[in-house]
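Residue strings, one per chain:
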Amino acid sequence: QQPVQSPQAVILREGEDAVINCSSSKALYSVHWYRQKHGEAPVFLMILLKGGEQKGHDKISASFNEKKQQSSLYLTASQLSYSGTYFCGTEIKETSYDKVIFGPGTSLSVIP
Amino acid sequence: DSGVTQTPKHLITATGQRVTLRCSPRSGDLSVYWYQQSLDQGLQFLIQYYNGEERAKGNILERFSAQQFPDLHSELNLSSLELGDSALYFCASRASGTVSTEAFFGQGTRLTVV
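Residues numbered from 1 in each chain as written. Chains lettered and ligands numbered in written order. Predicted model: local features only at pLDDT ≥ 70, side-chain atom pairs only at ≥ 80, totals over all residues. Heavy atoms only, no water.

1. Thoughts on the overall build of chain B
Just so we agree on the cut-off: Starting at the N terminus, helices and strands are each numbered in turn, a helix being any DSSP run of H or I of at least four residues and a strand any DSSP run of E of at least two. Only protein chains enter the accessibility calculation, which uses a 1.4 Å probe; a residue whose area is less than 20% of its type maximum is buried, one above 50% is exposed, and one in between is partly exposed. Throughout, a residue-residue contact means that at least one pair of heavy atoms, one from each residue, lies within 4.5 Å. The method behind every accessible area is Shrake-Rupley, applied with a 1.4 Å probe, and residues are considered shielded solely by the protein chains displayed.
For chain B, the count of helices and strands is zero helices and eleven strands. The helix and strand sequence of chain B, counted from the amino end, reads β-β-β-β-β-β-β-β-β-β-β. Considering only C-alpha atoms, chain B reaches an extent of 40 × 25 × 25 Å along its principal axes. For chain B, with 114 residues in total, the buried portion stands at 47%. Long-range pairs, those at least 24 residues apart, make up 52% of the contacts in chain B between residues at least 6 apart in sequence. Accessible area for chain B stands at about 5,400 Å²; split by element, carbon and sulfur atoms hold 47% of it.

Following this line, the structure appears as structure tokens:
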């Protein structure tokens, strides 16, 4: 049931863009995105509820393709503060919609 | 500050011992989740409680148990501890309803088993 994330890790220079993908083998009710700095608590970025929905704030946005059971997180013009591990969390339709299962994470490092 | 409080922040204990981790959810949140994060690993879902009742279970070992009390705080009990249980344990809370909402994470309890 754990979603799959790709890539596992990415290194960017400041100002570059990145895309992190999340996919599930099960039909999804929602997709959540969180960022975690080393040793700290995960911090909520956004949640997507409907197929085709796109959300964003600042230069971080995400899309949700319900038919393909996939979501992508877009980071544009990356800043040093974007460094961290990004987790997608999914709620599967066939189980309790309250249960959020996280992917293994994508490590993002932004260098000057 | 997420509003979720976890205590203690750090815990060092010997193998075979038993410990209790505590979580106070955000005011008004009925759902509490426990996750385990081993060194540089992902967030493994352990268990969820909703308004005092167990709602969903993940990969939680039989040596582990949890409960949610009437005041909605939750405790995760880990017994017969092994070296491999060393990890960061996060609690998260959510306001439950008919629409999916964000989860707020506490700062975690770092457990070291020696």
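2. A word on the interface of chain B and chain A
The line we're drawing: Buried area, as used here, totals the accessible surface that two parts lose on assembly, with accessibility defined by a 1.4 Å probe and the loss added over both. One side-chain nitrogen of Lys or Arg within 4 Å of one carboxyl oxygen of Asp or Glu is enough to make a salt bridge. Here a polar contact is recorded for every N or O atom pair within 3.5 Å, except that within protein the pair must consist of a potential hydrogen donor and a potential acceptor, and residues adjacent in sequence are included only if both atoms are side-chain atoms. Following the grouping adopted for this structure description, the nonpolar residues are Ala, Val, Leu, Ile, Met, Phe, Trp, Tyr, Cys and Pro, the charged ones are Asp, Glu, Lys and Arg, and the polar ones are all others, Gly among them.
Every contact between the two is made by 28 residues of chain B and, on the other side, 24 residues of chain A. A combined buried area of about 1,900 Å² lies between chain B and chain A, and 53% of that area is made up of carbon and sulfur atoms. Looking at the side of chain B facing chain A, the largest losses of area belong to Leu43(B), Ser100(B) and Phe105(B), adding up to 26% of the total buried there. Summed over the shared surface of chain B and chain A, the result is one salt bridge. Between Arg94(B) and Glu91(A) there is a salt bridge whose closest N-O contact spans 3.1 Å. Seen at the junction of chain B and chain A, the total is four residue pairs in polar contact (both at pLDDT 80 or more). In terms of residue count, strand S4 (residues 31-37) of chain B provides more of the side of chain B that touches chain A than any other element does, four residues in total. Classifying every residue of the side of chain B that touches chain A gives nine nonpolar, 13 polar and six charged.

3. A few points about the sheet that holds strand S8 (residues 74-78) of chain B
All names here are of chain B. Rule in force here: By this definition, two strands are paired if DSSP reports at least two bridges between them. The convention used is that axes are lines fitted to C-alpha atoms, helices contributing only their stretch in contact, and that angles between N-to-C directions extend from 0 to 180 degrees.
An order of S1-S3-S8-S7 is seen for the four strands of this open sheet, with the pairing classed as antiparallel. Lying at the two open borders of the sheet, with one neighbouring strand each, are strand S1 (5-7) and strand S7 (64-68). Shown here is a sheet whose adjacent strand axes are inclined to one another by a mean of 15°, direction ignored. Here five bridges tie S7 to S8, and the two strands are oriented antiparallel to one another. Bridging across to S8, Phe64 finds its partner in Leu78.

4. With respect to the side chain of Gln68(B)
Residues and elements named next belong to chain B. Looking at the secondary structure, you find Gln68 in strand S7. On the accessibility criterion, Gln68 (6% relative accessible area) is buried. Within the structure, the side chain of Gln68 is placed 3.2 Å from the backbone oxygen of Leu30, a separation counted as a polar contact. Looking at Gln68, its side chain comes within polar contact range of the main-chain oxygen of Leu72, at 3.1 Å.

5. With respect to unusual backbone geometry
Comment: phi is negative for the bulk of residues other than glycine, and the bulk of peptide bonds are trans. Along the chain, Ser6(A) connects to Pro7(A) via a cis peptide bond; the corresponding omega equals -5°. Along the chain, Pro7(A) falls in the loop between strand S1 (4-6) and strand S2 (9-13). The residue after Thr7(B), namely Pro8(B), is reached through a cis peptide bond having omega -10°. Relative to the elements of secondary structure, Pro8(B) occurs in the loop between S1 and strand S2 (10-13). Even without glycine at this site, Asn51(B) takes up a positive phi of about 50°. Taking the relative accessible area as the measure of exposure, Asn51(B) reaches 45% and is therefore partly exposed. Positioned with a positive phi, Leu72(B) is a non-glycine residue whose angle comes to about 80°. Its place among the elements puts Leu72(B) in the loop between S7 and S8.

The values reported here are purely geometric and, on their own, carry no functional implication.
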